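# Structure at a glance
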Amino acid sequence: MIILGISSMFHDASVTVIEDGKILFAGHAERYSKNKNDRFLNKALIRDALKNRVPDYIVYHENSFLKKLRLIRAGNWQALKEPTQQQWVNDFYPEITHQIIGNEIGLVPTRQFLHHETHAAAGVLTSTFDECAVVVLDAIGEFDTASIWHWRNGKLKKKHSTKFPSSLGLFYSAATHYVGLKPNEDEYILMGMAAYGKPTFKRYMEEELFKQSKNPIDMTVNLQRGLTPNFITRVGTKDESGHYSVDYDIAASAQAVVEDKIFQYALKAQQLTGSKNLVFMGGVALNCVANRHLFKLYDNIHIMPNPGDAGSSLGAAALQYYKLTGNRVEWQGPYLGYNIQGKYPVKKALRSLERGEIFGIANGRAEFGPRALGNRSLLADPRGGDIKDRMNAIKKRQKFRPFAPVILEEHCDEYFEMPVKGLTSPYMQFVAKCKYPELFPAIIHADGTSRVQTVNKEQHPGLYELLTKFYKRTGCPMLVNTSLNIKGQPIVNDEKDAAAFAEYYGVKVHTHDGRR
Ligand SMILES: [Fe+2]
């Protein structure tokens, strides 16, 4: 039984293919079309995902009727004319949506789930929890913008929801837009900027935008069109990144508000479920700075590596599989996309490290999610003062965007004060203070934290071997890790992209060791 999950038409379109509970493929449209955050599917992606298989079911990550209803209610009559996600796919790729039944051509059975339901399912069905609270926070689904669920006895029950226009995701996107960045794309840049400012507008934002209510996310305004132009005065001279000095305080304030609100909503979830386990999903769950506080409430936390809308193609497919069979999908990690075949280039990488080179690795299956976790990564020795500048010379990005460390799991506590001792972070979802910032300035952000990725042998044997050998040679169990992408473009997908990166920046990109 083959299930094709689809998430598209908003931002970050993606597909997932599940066959008898095994995730055969999960990947992003942008990696094939080269349009960053592409909202539309493309044929190259679908071909790579299905590889001539015919789906038995096609499932969608949201209910298009309800979504349209919300848009029309908000006065967007144009929405009536636009095709739904399902109509678009039927027209664009009839080869997969139609099948021959007897002598007739029929549509492959389809199903639409609710937007927050697929977010929740993507988290729960890739977790190991038998019981947990689920918090979903994003910009907007059909009407829900925040929801709390309880996963118990194999059932996912909604316990609470917050409706549009109150929305923590819309608030953070509005702040992103307000400082001149792209909403729905650059929220992680705002999070990085926050460390350079002071939260001087936190109270003002809370008082102006949020209600005094039992629900911490209840708002007084609709931020779909952004903050009013004069909400906070932005004047002065712009710096080399194109930002006024006040922008950093706006970022710090928005971040402080979001951290508080996430915490309060997670507390509400605990009160409603009594659980000590948490699944956290939705685009807001990518805020790795805020996530660390949640360990004050929960013993165990699972955030799927792709908690935003792109991850919901997997959520929809996994939910359909669960509804049909009562079983969860087999979750083996985020390496689910296009495959660059060959042995993980441990030898070549070690040679590059010996020479003090910054180098790329493009090998194996592409990561499903926004972060490069070793298969499409730019790597280097993290020791010493000049590595950050050398990496920035290649990536040419704003100073407030930190590089992350990838470290052998067993050494993590020696180097980082994780939110909880012994915590692992295989998908780079929590920040932690480095104990030796002077030794590794390249991986330390302005607030003294690092976005840590831990790795063990099971999760990634090749990367684990590389780190282990590097550690044996140097005593250093980590590398700097950042995504392998040309500035402004999506992360490298295939061999051609890897070669283009190597040529563009004059940096080696290893795709495999020895023969394929
Ligand atoms: Fe969402």
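Above this text is the structure in question.
## A closer look at the sheet that holds strand 8 (residues 132-137)
The strand order across the open sheet formed by five strands is 10-9-8-11-12, and the pairing between neighbours is mixed. If you trace the sheet from one side to the other, it starts and ends with strand 10 (155-163) and strand 12 (300-302), each paired once. When the angles between neighbouring strand axes are averaged without regard to direction, this sheet yields 20 degrees. By the bridge criterion, four bridges tie strand 8 to strand 11 (residues 277-281) in an arrangement that is parallel. Looking at strand 11, one finds that V135 is bridged to F280. Across the sheet, helix 10 (residues 245-273) is in contact with strand 8, strand 9 (144-152), strand 10 and strand 11; its angle to strand 9 comes to roughly 35 degrees.

## Some remarks on the layout of surface pockets
The computed volume of the second largest pocket comes to approximately 810 Å³. Around the second largest pocket, the lining comprises 35 residues; the ones closest to its centre are F10, K67, R70, L71 and Q224. Put simply, the parts of the chain that give the lining of the second largest pocket at least two residues each are helix 3 (64-73) and helix 7 (168-178). For the lining of the second largest pocket, the leading source of residues is helix 3, giving five residues. By residue class, the composition of the lining of the second largest pocket is 13 nonpolar, 14 polar and eight charged.

## As for the nonpolar core
Membership of the largest hydrophobic core comes to 110 residues, with the highest contact counts inside it found for L137, F171, M205, F280, F416, L466 and F501. Here this core takes eleven residues from helix 10, the largest share from any one element. Ignoring anything within four residues of it in the chain, the contact list for F416 reads P405, I407, A432, K433, C434, K435, I443, S450, V452 and M478. Ranked by size, the runner-up nonpolar core spans 36 residues in total, among them V59, F113, V279 and Y335.

## Here we look at empty space enclosed by the protein
Tallying each qualifying case throughout the model produces one cavity of 30 Å³ or more. Empty space within the largest cavity amounts to approximately 30 Å³. As for the largest cavity, its lining consists of A26, G27, H28, R31, Y32, G337, Y338, A366, E367 and N493. Where the lining of the largest cavity is concerned, the elements lending two or more residues are strand 3 (22-28), helix 1 (30-33), strand 13 (335-340) and strand 15 (364-367). Grouping the amino acids of the lining of the largest cavity by side-chain chemistry returns four nonpolar, four polar and two charged.

The rules behind these values
Residues numbered from 1 in each chain as written. Predicted model: local features only at pLDDT ≥ 70, side-chain atom pairs only at ≥ 80, totals over all residues. Heavy atoms only, no water. Pairing = 2+ DSSP bridges. Helix = DSSP H or I, 4+ residues; strand = E, 2+ residues; numbered from the N terminus. Axes fitted to C-alpha atoms, helices over the stretch in contact; angles between N-to-C directions. Contact = heavy atoms within 4.5 Å. 1 Å grid on protein atoms, 1.4 Å probe; cavity = no way out; pocket = protein on both sides within 12 Å on 5 of 7 lines; lining within 4 Å. Points joined across faces, edges and corners; volume = space filled by probe spheres on them. Nonpolar A, V, L, I, M, F, W, Y, C, P; charged D, E, K, R; others polar. Core = buried A, V, L, I, M, F, W, Y, C linked by side-chain atoms within 4.5 Å. Buried < 20%, exposed > 50% of the residue type's maximum accessible area, 1.4 Å probe, protein only.

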